[in-house]
Amino acid sequence: MSSVLITGATGTLGGRVLRSLQQRGVSARALVRDAAAGPLPGAADTVVGDYADRRALVALMAGVDRVFLVAPNGPAQVEHECSVIDAAVSAGVSLIVKISALGADAAAPVAFWRAHAEIEDHLTASGVRAVSLRPAYLMSNLLGEAPQVRQHGLLPTPAVAAGVAMVDPDDVAEAAARLITLPESALAPGHRRWRLTGPRAVAFAEIADALSDVTGHPVAHLAASPDQARAALAQQGVPALIVEQILELFAAIDRGAHARPTTDVATLLGRAPGGVEDFLRRHAHLFTRAADGAASH
């Protein structure tokens with residue numbers, strides 16, 4: 001049995017936290033919503049649970065002392081995360097490390113960020129010792145455009161003029177793993193918040209140039225109007241409510257919401273945060289055309 005529970009264990013950050021804990025010699029229990037996920041690499045055991053079923057969650061947390069909390073953005077996010085928090089309190093968990101978002105505020109212009117603020121408030125009111133990690137735009141979001149980069153040499157995004165101090169998801173996961181494994185004496189009381197960013201703000205046009213360098217073929221940034229972005233997201237099957245929230249997010253980023261780097265990653269990890277160029281080099285194979293990739297071997 002493990003004393004650490006990882007929610008969202010099959011997701012972008014949950015899976016990375018599992019691996020980071022494994023590298024630290026710490027086993028964790030992975031919570032998944034679908035039994036088809038099977039045993040997960042790096043997990044001591046994998047359990048199936050529904051975020052909305054508080055009673056079942058309490059049972060799944062038997063013997064658990066620390067919880068990593070992350071859930072998909074969507075209409076049920078507040079209900080689901082608050083359910084996990086309540087279950088953790090009932091189970092006697094001593095620490096919750098939550099993934100929030102840079103910009104979380106009850107008056108934020110982005111629905112995602114308002115939801116995170118509501119969950120953070122609930123976490124504070126719960127009385128459990130807690131840490132909220134507020135990452136900026138994740139570099140892994142760029143991977144969603146890999147097919148467009150490979151096939152058409154285009155990096156499409158809603159139009160954003162401001163730079164973005166986007167953060168490497170590996171840094172976010174490493175920060176979470178470090179906090180989860182801190183001794184009780186090293187943990188701050190109450191509810192601590194950290195704002196996680198990359199080392200500098202970069203424009204999407206710069207990212208397209210960096211993709212050109214790592215793939216060996218030209219890549220241009222395509223700045224889509226709100227109507228163009230709305231139509232493209234709808235064509236990809238993104239629900240209309242989520243489409244509008246994504247457009248709200250990019251509008252806030254365009255106003256500079258994620259333009260200012262912080263030093264919090266360096267403080268937590270004792271090193272500088274990873275830059276977008278390094279992230280793209282590590283994932284170059286996903287952006288590179290098959291013929292180009294074959295030619296490079």
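As the structure is a prediction and not an experimental result, all values here were calculated from the model.

### A look at the sheet that holds strand S2 (residues 28-32)
Then, number 1: Ordered by their spatial adjacency, 7 strands build an open sheet running S3-S2-S1-S4-S5-S6-S8, and the pairing between neighbours is parallel. Each having just a single partner strand, strand S3 (43-48) and strand S8 (191-196) make up the two edges of the open sheet. In this sheet, neighbouring strand axes are inclined to one another by 20° on average, regardless of whether the strands run parallel or antiparallel.
Then, number 2: As paired elements, strand S6 (residues 129-135) and S8 share 6 bridges and run parallel to each other. Following the sheet pairing, Ala130 is matched in S8 by His191.

### Quick notes on the pattern of salt bridges
Side-chain pairs of opposite charge can arise whenever the charged atoms involved come near each other.
Then, number 1: Evaluated as defined, the whole model comprises 17 salt bridges.
Then, number 2: Arg16 is the salt-bridge partner of Asp170, the closest N and O atoms lying 2.7 Å from each other. Placement of Asp170 in helix H6 (residues 169-180) and of Arg16 in helix H1 (residues 12-23) is noted, with a sequence separation of 154 residues between them.
Then, number 3: Using a relative accessible area of 13% as the deciding quantity, one classes Arg16 as buried.

### Things to note about H1
Then, number 1: For H1, with 12 residues, the first-to-last C-alpha span of 17 Å sits near the 16 Å given by 1.5 Å per residue.
Then, number 2: At its buried positions, H1 is contacted by strand S1 (4-6), S2, S3, strand S4 (66-69), strand S5 (95-99) and H6.
Then, number 3: Just beyond H1, the residue with positive phi is Gly25, at close to 80°.

### Points about the packing of helix H3 (residues 77-90) against helix H4 (residues 111-126)
How two helices sit against one another is set out by the angle between their axes and by the gap between those axes.
Then, number 1: Where H3 meets H4, the axes come as close as 9 Å, and the angle between the chain directions of the two elements is 15°. Regarding the angle of H3 to H4, the classification is roughly parallel. Here the hand of the crossing between H3 and H4 comes out right-handed. Taken together, the residues of H4 that come into contact with H3 (itself represented by Gln77, Val78, Glu81, Cys82, Ile85, Asp86 and Val89) are Ala115, His116, Glu118, Ile119, His122, Leu123 and Ser126.

### Re the packing of aromatic side chains
Then, number 1: Summed over all chains, the structure comprises 3 aromatic pairs.
Then, number 2: Both rings, one in Tyr137 and one in Phe250, keep their centres 5.8 Å apart while their planes meet at 70°; by these two values the pair is edge-to-face. With a gap of 113 residues between them, Tyr137 in the loop between S6 and helix H5 (146-152) and Phe250 in helix H9 (residues 240-254) connect regions that are remote in the sequence.
Then, number 3: Take Phe250: its relative accessible area is 8%, and that puts it in the buried class.
Then, number 4: A ring pair is formed by Phe204 and Phe250, whose centres lie 6.3 Å apart and whose planes are at 40°; its orientation type is tilted.

### Comments concerning the nonpolar core
Then, number 1: Residues Met166, Phe204, Ile207 and Leu280 are the most contacted members of the largest nonpolar core, which totals 36 residues.
Then, number 2: Those elements that place two or more of their residues in this core are H4, H5, helix H7 (204-215), helix H8 (226-235), H9 and helix H11 (276-282).
Then, number 3: Residues within four places of Leu280 in sequence aside, it is in contact with Leu142, Ile207, Ala210, Leu211, Val214 and Phe287.

### Structural notes on the side chain of His191
Then, number 1: Positionally, His191 belongs in strand S8.
Then, number 2: Polar contacts involving the side chain of His191 include one to the side chain of Ser132, which spans 2.7 Å.
Then, number 3: Within polar-contact distance, the side chain of His191 engages the side chain of Arg193 at 3.3 Å.
Then, number 4: Excluding residues within four positions of it along the chain, His191 makes contact with Glu120, Leu123, Thr124, Ala130, Val131 and Ser132.

### Side note on the confidence of the model for the protein chain
Then, number 1: Chain-level statistics for the protein chain give a pLDDT mean of 93 and a share of 97% at 70 or above.
Then, number 2: Between residues 293-297, whose pLDDT stays under 50, and residues either more than four places distant or in other chains, the model counts 1 contact.

Reading the values: rules and limits
For every chain, the first residue of its written sequence is number 1, and the numbers climb from 1 along that sequence. Confidence filtering applies because this is a predicted model: local features only for residues at pLDDT of at least 70, side-chain atom pairs given and counted only at 80 or more, and all residues used for totals across whole chains, interfaces and linings. Only hydrogens and water are removed before side-chain values are computed, so all heavy atoms of the structure are retained for them. Strands are treated as partners if at least two bridges between them are detected by DSSP. Secondary structure is summarised from DSSP: a helix means a run of H or I of at least four residues, a strand means a run of E of at least two, and numbering begins at the N terminus for each. With axes taken as lines fitted to C-alpha atoms, and helix axes fitted only over the stretch in contact, angles between N-to-C directions fall between 0 and 180 degrees. Whenever Lys or Arg places a side-chain nitrogen within 4 Å of a carboxyl oxygen from Asp or Glu, that contact is recorded as a salt bridge. When a residue's accessible area, from a 1.4 Å probe over protein chains only, is under 20% of the maximum for its type it is buried; when over 50% it is exposed; and in between it is partly exposed. One fewer than the residue count of a helix, multiplied by 1.5 Å, yields its expected span. Whether two residues are in contact is decided by their heavy atoms, any of which lying within 4.5 Å being enough. For this classification, under 35 degrees means roughly parallel, over 145 means roughly antiparallel, 65 to 115 means roughly perpendicular, and everything else is oblique. Here a crossing is taken to be left-handed if its near helix is turned anticlockwise relative to the far helix by less than a right angle, and right-handed if that turn runs clockwise. Two aromatic rings, drawn from Phe, Tyr or Trp (for Trp, its six-membered ring), form a pair once their centres lie within 6.5 Å of each other, and the interplanar angle then sorts them: stacked below 30 degrees, edge-to-face above 60, tilted otherwise. By nonpolar core we mean a set of buried residues, namely Ala, Val, Leu, Ile, Met, Phe, Trp, Tyr and Cys, connected to one another through side-chain atoms within 4.5 Å. Pairs of N or O atoms within 3.5 Å make up the polar contacts considered here, provided that, within protein, one atom can donate a hydrogen while the other can accept it, and that residues adjacent in sequence are counted only when both atoms are side-chain atoms. Confidence scores labelled pLDDT are given residue by residue by the predictor and lie between 0 and 100.

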